Amino acid sequence: MTSSQRAFRWGTLVLLTLAISLMLGGSTAPALNRSDQVRRFTRQLEFDYVGWTTESLTEKFKNSALGAANYLSEPERKELVLEYVELIGETARLRGEQEATLNDPGLPDPQQAAAPVALALHEASERLEALRPLAESVLQDNVSAVLDDLGLGWGGAPFPPVAFRFSSLPSALVVSPRDVIRQDANLQLGPELNLEEQVKLESRVEQELDVSALVVPIGGLSTYPTMVMQSPAVDWVTETIVHEWVHHYLALRPLGLGYNRSPELRTLNETVASLVGREIGREVLARYFPEHLPPPPPENPPPPIAGEPPVFDFQIEMRETREHVDELLAQGRIEEAEGYMEARRRVFWENGYRHIRRINQAYFAFYGAYADIPGGPAGEDPVGEAVRQLWDQVEDPAAFLRQVAGMSSFEDLQAVLQG
């Protein structure tokens with residue numbers, strides 16, 4: 001058994017013990033909090049964590065014992081991962097083609113016309129599932145090697161061990177008060193919940209509890225193993241694996257243990273994970289998949305061309321939206337703020353951001369916690385700016401992570417910056 005395999009087994013036991021202790025501690029809380037109230041509407045719709053985790057850990061232990069990926073050469077390992085992500089894109093394309101063919105009113109027999117596509121989709125899906133465990137093992141090893149080289153290893157492997165699984169992810173029902181932007185509940189729902197059901201759920205929760213609610217998609221979730229959405233973008237995959245591993249790392253330290261203690265600590269955790277995930281994810285790409293390494297953003301973007309309308313800047317426009325909403329809510333003008341957010345959503349829609357279904361208090365409560373880039377849904381939130389300031393001062397991502405891991409409040413971060 002390799003050191004990485006031994007670390008995975010010990011890490012699993014440690015993280016499961018931590019998870020159980022946190023669940024037991026939370027189950028004795030006497031007060032009926034907002035999550036308990038919302039769960040009246042979601043109990044039958046929530047994601048089955050126990051079943052998913054049991055199945056995933058069983059598979060991970062089996063693959064860890066077999067170590068099949070260790071018998072591949074480095075070029076073979078790279079080719080396997082690239083074939084896997086290409087298949088993700090191919091199955092998505094075939095699924096779209098199949099749906100379009102079945103819905104085509106001009107075809108006399110849509111089922112027959114779609115049969116060849118259905119066969120190709122079936123074959124591609126089977127190949128995708130066959131490659132998945134091996135692709136996961138290779139990517140886990142790649143990320144582990146970079147983390148260890150950066151000084152985040154223990155006994156030749158990072159701790160906690162890197163463990164993830166490509167999976168259909170749950171969505172999250174986020175709930176905020178209407179008079180202030182604050183995440184009071186975040187409940188994961190099964191991936192089979194369709195859009196119509198999501199809209200109905202939001203409406204019921206809002207009407208009966210007088211809150212703002214929104215079902216949001218998520219791309220990764222720091223269960224153990226981590227859930228990572230299937231994506232054909234290798235850069236996004238590596239960044240997400242590292243991002244979620246950072247949450248595992250912090251979960252054993254003061255910063256992560258305080259994740260749900262306050263909105264400031266939630267933003268601190270997510271911003272740290274985003275910054276470190278992006279930086280170390282690029283390191284993984286540079287070493288193993290350099291042809292997929294995106295160019296860094298230009299430090300000095302070109303000035304606008306005279307006579308042309310200014311380019312719509314999402315970060316700037318969303319920050320302005322959030323700041324104005326905060327002003328209206330602080331003045332008690334709730335209905336006006338909600339009308340303004342819907343009007344702004346239409347502006348974003350007209351400028352190509354058609355994935356934004358609703359902008360409300362819950363939208364900002366969720367997306368505002370990811371403040372690694374200036375502007376955006378965080379608005380004037382000082383936490384993200386402070387984290388980015390420390391990030392700019394500490395050039396080594398491992399040293400940065402170790403420093404923030406011991407913080408248990410936003411005041412700890414402020415004290416470091418002022419000292």
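Remember, it's a predicted structure, so these values are computed and weren't measured experimentally.

Peer 1: Please clarify how the confidence of the model for the chain should be interpreted in this entry.
Peer 2: Keep in mind that low pLDDT regions are not for reading the predicted coordinates in detail. When pLDDT is averaged across the chain, the result is 89; 90% of the residues are at 70 or more. With pLDDT under 50 throughout, residues 17-32 is counted as low confidence; its partners more than four residues away or in other chains account for 5 contacts.

Peer 1: Please clarify how the pairing of strand E3 (residues 185-189) should be interpreted in this entry.
Peer 2: Side-chain direction in a regular strand flips from residue to residue, so the side chains alternate between the two faces of the sheet. Most of E3 sits out of view: 4 of its 5 residues are buried. Relative to E3, strand E2 (residues 171-176) is paired through 5 bridges, and the arrangement is antiparallel. Paired with Ala172 across the two strands is Gln188, which belongs to E3.

Peer 1: What am I meant to see in unusual backbone geometry here?
Peer 2: Excluding glycine, residues mostly have negative phi values, and the peptide bonds linking residues are mostly trans. Put simply, Phe159 and Pro160 share a cis peptide bond, and its omega is 0 degrees. Among the secondary structure elements, Pro160 is positioned in the loop between helix H5 (110-152) and strand E1 (164-166). Pro225 follows Tyr224 through a cis peptide bond whose omega is 0 degrees. In this fold, Pro225 is placed in the loop between strand E5 (220-221) and strand E6 (226-228).

Peer 1: Would you explain the nonpolar core in this entry?
Peer 2: Note on soluble globular proteins: their nonpolar side chains tend to be buried together. The biggest cluster of nonpolar side chains holds 60 residues, and the ones touching the most others in it are Val246, Val272, Phe400 and Leu413. At the level of secondary structure, the elements contributing two or more residues to this core comprise helix H4 (74-102), H5, E1, helix H7 (234-251), helix H9 (263-288), helix H13 (382-393), helix H14 (397-405) and helix H15 (410-418). Tallying contributions element by element places H5 first for this core, with 12 residues. The residues contacting Leu413, other than those within four sequence positions of it, are Leu268, Val383, Ala386, Val387, Leu390 and Met407. Counting 28 residues, the second largest nonpolar core, distinct from the first, contains Ile218, Leu329, Ala337 and Phe364.

Criteria and thresholds
Residues numbered from 1 in each chain as written. Predicted model: local features only at pLDDT ≥ 70, side-chain atom pairs only at ≥ 80, totals over all residues. Heavy atoms only, no water. pLDDT = per-residue confidence, 0-100. Contact = heavy atoms within 4.5 Å. Buried < 20%, exposed > 50% of the residue type's maximum accessible area, 1.4 Å probe, protein only. Helix = DSSP H or I, 4+ residues; strand = E, 2+ residues; numbered from the N terminus. Pairing = 2+ DSSP bridges. Core = buried A, V, L, I, M, F, W, Y, C linked by side-chain atoms within 4.5 Å.

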